[in-house]
Amino acid sequence: MTTQPEVGVSDFVLLDNLTTDKFIENLQLRFQHNKIYTYIGEVLVSVNPYKTLDIYGQQHMAQYRGREMFEVPPHVYAVADACQRVLRQQGRDTCVLISGESGAGKTEASKFIMKYIAANTMQVHREYIDRVKNVLIQSNSILETFGNAKTNRNDNSSRFGKYMDIHFDYKGDPVGGHISNYLLEKSRVVNLQLGERNFHAFYQLLSANATHAKKFGLNPNSTYKILGNERPTAQDSKLYNLTNSAFNALGFPPSVVDNIWSIVCGVILLGELTINESGEGQINVGGPMKQCANAFGVSEEAIRTALAGRILSAGGDLVSKDHSVTDANYTRLALAKAAYDRLFTWIVQQINKKIEAPEDSYKSSLIGVLDIYGFEIFDTNSFEQFCINYCNEKLQQLFIELVLKQEQEEYAREGIQWTPVQYFNNRIICELVDAPHQGIIAIMDEACLNPTKISDTQLLEAMDKRLNGHKHYTSRQLSPTDKKLKHGVDFRITHYAGDVTYCITGFMDKNKDSLWQDLKRLLHASRNAALRDMWPEGAARLQQTSKRPPSAATLFRNSMSALVAGLASKEPFYVRCVKPNPVQSPQLWDDQLVRHQVAYLGLVENVRVRRAGFASRQRYDRFLQRYKMLSQYTWPNFRGAGARDAVAVLLRDLQLADVQFGHTKLFIRSARTVHSLEAARAELIPSIVVLLQKLWRGTLARIKYRKMKAAIVIYNAWKRYCFRRYIASLQTELQRNRGVIKRWPPGGGIAAPMLQGAYRRWRAYLTLKGVPREQWPQLKLKICAASALRSRRSQWGATREWRGDYLAINSYNPKSATYQSAIANLQRSQNIGKPLFSCNIHKFNRFNKLAERCLLITETSIYKLDANNFKPLKKPTPITEVGAVRVMSSSAQLVVVSVPSARNDLVLGLVPPRGEPDLLGEMLGVLAHRYRLLAGAELPLEVESGATTRCTLGGRTRALQLPAAPAPAPPAPLPPFTHAHNVITYHPASARA
């Protein structure tokens, strides 16, 4: 990280001579140098710069990722990272409480926190996480459009309270969220203070000259009552496009977006309707009636009827009541406020549906981000300011309870040496507002429940009577000499942030927050599907709606109580926002305004508590459980008396002294000590994890081994059982067929092939039992020949004795001695192996020449021998290179041995011994047997059933035929082969005689 020169003091805890003046002086000095963030321990003080600073980019995020707060300059990213680190490391729910005046920068701070949390995620399932992050960020744009407005103090003031829960999985990645909204300032829709604007949505709609505005006759250059004196700007046009892009990103259908903008148009047009009374006492409604009705999706007559009167339910009977002009105008404005308020609530509900975590996802923990209205003091403060300031009182009370009161009470309870810090506890102000039966809200509710109509003045009188003597409440009746208070109109509450004078006018109506059932029925009957969905209570019958709903103040009090209870259950982080001046200038510093904020936020008291207090406190057992691996005396288990003794031994071994021992907890004064413990623990965790993984993997391996061993025992027992059943079925088959298995039963597994082989050998043994063993080799060859021929040749010498090496027989070969001598020489010189078959042959070559040769088949090759000296002619042909053998189905001794690699077949005519007409079958038996042994496959054999076959000589395919029908005996003997016209004819011995 680039080191920048320090300006002032970055942590108020380190400030010398702490006074309010010194505090403000340091704050101003840092503000003037664009150092808008300063720590109070782990509390962040943020001053609104009213300008854009280049301190929020991706490179700045990287500087704060995984760093402790004391290691880096103060920044809102440091708070966000600390918040997320507690969630990931300790699995605890956390929250960020952002407080301060309106215009102090709370909304911007919440957006930066959301941006950091969304960006600081793991890389696993990136696409899904990016979608969740995009939805969480885009929802801000929509909520600002419909819930924010320009005030005299802030150009983008949140006119509603927002609390967002971001849900995380066990890895610390966001999986969804939920938004809670509180008390939209709906009175702004129809009542603007001078110099202020209405909600951004109205100006955005008109600025873009959008289709929605044109459809209902709205013109950006026209004047509209609810917009006040303000006009749309070019920036509003850009924000309108941004809002629609956000709707699209969140998956809002275009039809729903159209419905939303139509309702906004309807609210604008409601403000333009005029109401007067005719001479007959009838209510007349004028203005853009048709456009207003179309915008709300209802008929003109329905709106006119709803404004002119209403129907009441009394004792089960329906009573019609006509409106006066005043009542009609009140109804018109009430309808505008209610329609916009319900629209905003409905949009929040739809956003929640888009961002909620899937039901099947695991939600481990959450971070809450509270961005709620700041303390407000206007020239005229009404019911809305009363509720807003009550909200700030409750949050201040929570801050006091968590940071000041509980901390000091815990020190006393634990027996820690401590100098108490004086502070103002605002519980008495909260009870002034929300105490049962005695608080202002209870008094207002009683007045609303009164069957007679109670005026605002009567309400104020009741409050004066019940609250007389309360030191934080006064009015003109209770303080007659206070000329600043109007008699019968004003009352004053002394808040923790100062005195606020409220105008009682409108309190009763705003607290009742009632809308006639006729108007609810009107909106529920709309053709606008979204508007109809917003008003489900409009479907009820009038007789069923007599129950009075809770008042607005009661609903708000209940929601605040639930919010505070939820925040109190989480680990809190604080961002205290300060407004430097009331005119939104980046240069001005209003010392009085800042002093007032510092006082009511209790920042100086917070510094005093932090300086005198302790950064961390933990129960002894939890501290030991977390850090016991740092000492050999406590890891893996301490063998002493208890957790406190173990912690003392651990700290002594680590040589840590800035601690105090309470009754049940250990208190650590310095945050740096806590961070050093965490760093040491983080270094050891990987080795401990590896050890645990090793032990657990060993355990899993042993469990798996035992299961595998048990499975093998069970499998072997089952295999033996199945094998016995298979053997039994074979025995049954043998008994049924008298020693023959005609059909093998299914199953048997790997034993089936072995049994089938054993059966075949047994059957072969039975067959061969009567054959002398010396004849078995010859029988094997005959079987090979029979398998190759497959009954496609009737005569192949099956009945005669096969002698194999015929050239060695003197009766067949007169030169047998010469032959045997030549073979012996070849066996010595070329290791040709044992002769398996030999005979005389007639060979026809590629040059159309006939020659007498000898054929020799050994264990590996086929040889052509000279007929006189029996020497090999050319290179022998390996048996494995034989592509096919072609023979005739007749008794002809013609053989074609195809050798694809040589492109030259062996065309042979075998010469059998005298009296033995066939040698071809024996040659095929020898060749087929050796081919199977050498090549592992059956010899390809083609048996031509006709008189013609083919051969390849010299690379050309030629026809080879037997002679036609017997012809008259020729005058001279015919040669074995003749040729004519590229056709070779083989003449068998019977044809040559």
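Just so it is clear, the model here is predicted, and its values are computed rather than measured. In this numbering scheme, every chain counts its residues from 1 along its sequence in written order. Residues qualify for local features only when their pLDDT is at least 70, as the model is predicted, and side-chain atom pairs are given and counted only at 80 or more; totals for whole chains, interfaces and linings, by contrast, use all residues. Hydrogen atoms and water are omitted, and side-chain values are computed over all heavy atoms in the structure.

Phe 146, Phe 202, Phe 296 and Tyr 340 are the most contacted members of the largest nonpolar core, which totals 108 residues. The element best represented in this core is helix α12 (residues 325-355), accounting for 14 residues. Any two residues whose heavy atoms approach within 4.5 Å at even a single point are treated as in contact. Other than its neighbours up to four places away in sequence, Phe 146 contacts Leu 184, Phe 199, Ala 201, Thr 243, Phe 247, Ile 260, Trp 261, Val 264, Tyr 340, Leu 343, Phe 344 and Ile 347. Formed by 69 residues, the second largest nonpolar core is a distinct cluster that contains Ile 40, Val 45, Phe 375 and Leu 601. Think of a nonpolar core as a cluster: buried Ala, Val, Leu, Ile, Met, Phe, Trp, Tyr and Cys residues, connected wherever their side-chain atoms sit within 4.5 Å. The buried label goes to any residue with under 20% of its type's maximum accessible area, the exposed label to any with over 50%, and the partly exposed label to all in between, with areas taken from a 1.4 Å probe on protein chains only. Where helices and strands are cited, they refer to DSSP runs of H or I of at least four residues and of E of at least two residues respectively, numbered from the N terminus.

Moving on, we get to the packing of helix α6 (residues 200-207) against helix α8 (residues 234-249). One way to put it is that α6 packs onto α8 with a least axis distance of 8 Å and a crossing angle of 100 degrees. Judged by the inter-axis angle, α6 sits roughly perpendicular to α8. Contacts from Tyr 203, Gln 204, Leu 205 and Ser 207 in α6 reach Asp 236, Ser 237, Leu 239, Tyr 240 and Thr 243 in α8. Under the grouping applied here, Gly and all other residues not named as nonpolar or charged are polar, the nonpolar ones being Ala, Val, Leu, Ile, Met, Phe, Trp, Tyr, Cys and Pro and the charged ones Asp, Glu, Lys and Arg. Within the contact of α6 with α8, the residues separate by chemical class into four nonpolar, four polar and one charged. Each axis is a line fitted through C-alpha atoms, taken for helices only over the stretch in contact, and angles between the N-to-C directions span 0 to 180 degrees. Working rule for angles: under 35 degrees goes down as roughly parallel, over 145 as roughly antiparallel, 65 to 115 as roughly perpendicular, anything else as oblique.

Relative to the helices and strands, Ser 455 is located in the loop between α15 (440-449) and α16 (456-467). When its relative accessible area of 32% is taken as the criterion, Ser 455 is described as partly exposed. Ser 455 sits 53 residues away from Met 508 along the chain, and the two C-alpha atoms are 7.1 Å apart.

The next point concerns the sheet that holds strand β15 (residues 498-503). Across the sheet, three strands lie side by side as β13-β14-β15; this open sheet has antiparallel pairing. Two strands bound the open sheet, and with one partner strand each, they are β13 (473-475) and β15. Adjacent strand axes in the sheet meet at a mean angle of 25 degrees, parallel and antiparallel pairs treated alike. Of the strands in this sheet, β13 and β14 (490-495) are in contact with α16, which crosses β13 at around 130 degrees. When DSSP finds two or more bridges between a pair of strands, those strands are recorded as paired.

A positive phi angle, near 55 degrees, is found at Tyr 50, a position not held by glycine. Residue Tyr 50 is classed as buried on the basis of its relative accessible area, which comes to 16%. Even without being a glycine, Arg 790 presents a positive backbone phi close to 55 degrees. Counting through the fold element by element, Arg 790 comes out in the loop between α27 (776-789) and α28 (816-829).

Two aromatic rings from Phe, Tyr or Trp, using only the six-membered ring of Trp, form a pair when their centres are within 6.5 Å; if the ring planes differ by under 30 degrees the pair is stacked, by over 60 it is edge-to-face, and anything between is tilted. The final tally for this structure, using the stated rule, is 30 aromatic pairs. Residues Trp 796 and Trp 802 carry aromatic rings whose centres are separated by 6.1 Å and whose planes lie at 70 degrees to one another, so their mutual orientation is edge-to-face. The exposure class of Trp 796 is buried, given its relative accessible area of 15%. Taken together, the aromatic side chains of Phe 383, Phe 386, Tyr 473, Phe 491, Tyr 502 and Phe 507 make up a single cluster linked through ring pairs. Criterion for a charge above a ring: Arg CZ or Lys NZ at most 6 Å from the ring centre, at most 35 degrees from the ring normal. The ring of Trp 802 is capped by Lys 782, whose NZ or CZ atom sits 5.5 Å from the centre of that ring.

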